[in-house]
Amino acid sequence: MIQIHKNEDRGKTHIDWLESYHSFSFGHYYDPDNIQFGPIRVLNDDIIAPGAGFPTHPHNNMEIVTISLEGELAHEDSTGGKGVIHPGEVQRMTAGKGVDHSEFNNSKDKPAHILQIWFIPDKSGYEPSYEQKKYSQDDAKNSLLKLVSKKEGDGIVTINQDADLFISHLDKENTIKHKISGGRGVYLFLIDGSLKVNENEINSRDAVKVSEEKELTILSKGNSKFILFDVSLN
């Protein structure tokens, strides 16, 4: 079964320094049919104004993955971790027992565009921690590059949940196939471009939820960039 979630159906938060789009219920956006997909609880598509950002705020018992699409995001947390996330880098923060965290656009004149993803962990009470690593965007060209995995060394960063997250830069008329094991589902979010996913056409910022399928055939109708989650639905 494949369900399409259109760009225009996402939730929205627009304030003077933030333009944010929510693929799942978040903040004032509530959709009882769109609370989560497997352990994926949040997928926010955020554009942050120059010099602005999220002041110190708490998180707990969530695995938080941040990907910079454009610009630089400075971060700092109560564990002593701090740094700047650039395009071509991925950060994982385990909020665990609780952490205070802030994020700001590191530029005074250019916007920052990020994807922030929250996974429900496989258990509560982990010690807070984070890791941030670079990846080669060339490795994502016409392939699926695994950014996130539960198994250490399998992806670029490791999370405490049975979930894989891939990124792909797919040239026009190229095809990728992805096999889906029993009891698992796929959530694909199209960052840019146009795709045909098992004969279903989607455009920039659309998403597809996939369950009870054995394989996906992903054809790029134009140069496209997307992320793909492979998660347990049990």
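Structural data are supplied above this passage.
In short, a report on the structure. All values derive from a computational prediction rather than experimental measurement.

The next point concerns the layout of surface pockets. In this structure, the largest pocket spans a volume of roughly 280 Å³. If you go around the largest pocket, you meet 16 residues; those closest to its centre are L18, F26, N44, D46 and F54. Those elements giving two or more residues to the lining of the largest pocket turn out to be β3 (18-22), β4 (40-48), β5 (53-59) and β11 (112-119). Take the lining of the largest pocket: its biggest share by element is four residues, from β5. When the residues that make up the lining of the largest pocket are grouped by side-chain class, the tally is five nonpolar, nine polar and two charged.

As a further point, take the pairing of strand β22 (residues 224-232). Summarising burial for β22: nine of the nine residues are buried, a large majority. Along β22, one buried face is formed by S224, F226, L228, D230 and S232 and the opposite face, lined by K225, I227, F229 and V231, is buried too. Relative to β22, strand β15 (residues 163-170) runs antiparallel, the two being bridged by eight bridges. When the bridges of β22 are listed, F166 appears paired with L228.

To continue, consider the environment of N198. Here N198 is to be found in the loop between β18 (194-197) and β19 (200-203). When the C-alpha atoms of N198 and T217 are compared, they prove to be 5.3 Å apart, with 19 residues separating the residues in sequence. Excluding residues that lie within four positions of it along the chain, N198 makes contacts with I2, E213, E215, L216 and T217. In this structure the side chain of N198 is engaged in a polar contact, spanning 3.1 Å, whose partner is the backbone oxygen of E215. Polar side-chain contacts of N198 include one of 2.6 Å to the backbone nitrogen of T217.

Moving on, we get to the pattern of salt bridges. Evaluation of the coordinates by the stated rule reveals 15 salt bridges. Among the ionic pairs, K179 bridges to E215, the shortest N-O distance being 3.0 Å. Of this pair, K179 sits in strand β16 (residues 175-179) while E215 sits in strand β21 (residues 215-220), placing them 36 residues apart in sequence. The exposed category is assigned to K179, whose relative accessible area is 63%. Among the salt bridges present, the one from R184 reaches D230, with a minimum N-O distance of 2.5 Å. Of the two residues, R184 is situated in strand β17 (residues 184-192) and D230 in strand β22; the sequence distance between them amounts to 46 residues. Side by side, R184 and D230 carry an identical accessibility label, which is buried. Taken together, the salt bridges that share partners define one network made up of R10, D45 and R205.

Calculation criteria
- Residues numbered from 1 in each chain as written.
- Predicted model: local features only at pLDDT ≥ 70, side-chain atom pairs only at ≥ 80, totals over all residues.
- Heavy atoms only, no water.
- 1 Å grid on protein atoms, 1.4 Å probe; cavity = no way out; pocket = protein on both sides within 12 Å on 5 of 7 lines; lining within 4 Å.
- Points joined across faces, edges and corners; volume = space filled by probe spheres on them.
- Helix = DSSP H or I, 4+ residues; strand = E, 2+ residues; numbered from the N terminus.
- Nonpolar A, V, L, I, M, F, W, Y, C, P; charged D, E, K, R; others polar.
- Buried < 20%, exposed > 50% of the residue type's maximum accessible area, 1.4 Å probe, protein only.
- Pairing = 2+ DSSP bridges.
- Contact = heavy atoms within 4.5 Å.
- Polar contact = N/O pair within 3.5 Å; in protein donor to acceptor, adjacent residues only side chain to side chain.
- Salt bridge = Lys/Arg side-chain N within 4 Å of Asp/Glu carboxyl O.

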